[in-house]
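# A closer look at the structure
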Amino acid sequence: MTRSSALSISSLQNGTDAILTLGTTGESATMTDDEDNSVVAAVVKQVAGRVPVIAGSGSNSTQTMLTKSLTYQGLGADGLLLITPYYNKSNEEGIYQHFKTVADAVDIPCILYNIPGRCGCGISERNVERLAAHPNIMGIKEASGNVAYAAKIAHLLSDGFRMYSGEDALTVPLMSLGASGTISVWADVQPQLVHDMCRAYLDGDVARARDIQIAGQPLINALFSEVNPIPVKEALAQTGMIEANYRMPLCPMADDTRAALTDALKGAGLLD
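### Some thoughts on helix 13 (residues 255–267)
Across its 13 residues, helix 13 extends 18 Å between first and last C-alpha, which sits within 8% of the 18 Å expected from 1.5 Å per residue. In this fold, the buried residues of helix 13 make contact with helix 9 (186–189), helix 11 (206–223) and helix 12 (230–238). Just downstream of helix 13, Gly269 is the residue with a positive phi angle, here 80°.

Written as C-alpha cells, this is what we have:
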C-alpha cells in the first residue's frame, strides 16, 4: 500500500470531505511521471468514489500541466489543483492563459492555487475575476497568508466559485470572509479535528471553530517550523503513520525543531 493510500484510509475514517494527492506536502516536485500516475491511480482505487479525489497537476510549463491534467482525468481524478508558473512566472496575460488552457481542455473541475511565497508570483485580483467566470474553474486555494488579498477577492465567491484556506493558521479567519473550508497540512495529522472545526463554522458554531483554531496554533506553528513537508512527515512518523523518508533537497529536521514538534504533538494529545 502506498503512503497516499494509507493516509487516504485514515482521512476517510476521520470525516475528510475530499482527498488531495500530489500536493506539495507529498513531495510531488521530486517524483517521476510514472510515480505520479501510480499514486493517482492508487488513491482513486482506494477511495472508490466515497469522496472526490483531487490531483495536483501543476507545473511551470503549461504544456506539462495540460498533459498531467488530462492523464489524471483519465485515471479517474474528480478534480485538479493548478498552481501558478513558478520560477519563469510569466506576465499577467501569460498566467491567465496558463490556467485557461487547462480549464478549456479538461472535463473535471479545476481549483486555482495561489501561493506566491513558493512560486515567486501570485494570481492577481483581476485574473481571479477573469478565471472565476470560467465554467470549469470552481475555486481557489488561497495560501498567500494575506488576509487583505482574500478580502479583495471574497466578492467573487459563489456556489460556483469557492475559496479554500491554504494557510492552516488562518482557516477560520478566511472562513469569516466566505471560505468554504481548507486544503490542509494540519489535517494530515488531525483530520477529524480540522473537519470538525470547519463543520462547526459552517453550521454557525463560530465559537467552537474559533476555539479549535486557537488551540491548534502550537501544533500548526510546529508543522511549519521548517519547510513543508519536512515537519508533517516527521509528525506522521512519530505518530506511527509512515516512515520519515525524504527526497533531496529535503532532509530530516534539525534536533531543536524536532524536539519542539514532539512537544507540540504531546500538547495536542497525539503522543504520550
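### Here we look at the packing of aromatic side chains
One pass over the full model with this rule turns up zero aromatic pairs. One Lys or Arg, Arg130, reaches over the ring of Tyr96 and ends 3.6 Å from the middle of that ring.

### Digging into unusual backbone geometry
Residue Pro229 is bonded to the preceding Asn228 through a cis peptide linkage, with omega at 15°. Positionally, Pro229 belongs in the loop between helix 11 and helix 12. With an omega of 15°, the peptide bond running from Met248 to Pro249 counts as cis. Its location among the elements puts Pro249 in the loop between helix 12 and helix 13. Of note, the phi angle at Glu27 is positive, near 60°, even though the residue is not glycine.

Calculation notes
- Residues take numbers from 1 onward in each chain, read along the sequence in its written order.
- Totals for whole chains, interfaces and linings use every residue, but because this is a predicted model, local features are given only for residues with pLDDT of at least 70 and side-chain atom pairs only at 80 or more, for both listing and counting.
- To get the side-chain values, take all heavy atoms of the structure and skip hydrogens and water.
- Helix and strand assignments follow DSSP, with helices taken as H or I runs no shorter than four residues and strands as E runs no shorter than two, numbered in order from the N terminus.
- Multiplying 1.5 Å by the helix residue count minus one yields the expected span of that helix.
- Every residue pair with non-hydrogen atoms within 4.5 Å of one another is taken to be in contact.
- Pairing of aromatic side chains here covers Phe, Tyr and the six-membered ring of Trp, requires ring centres within 6.5 Å, and sorts the geometry by plane angle: under 30 degrees stacked, over 60 edge-to-face, intermediate tilted.
- Only when the NZ of Lys or the CZ of Arg is both within 6 Å of the ring centre and within 35 degrees of the ring normal is a charge said to sit over the ring.

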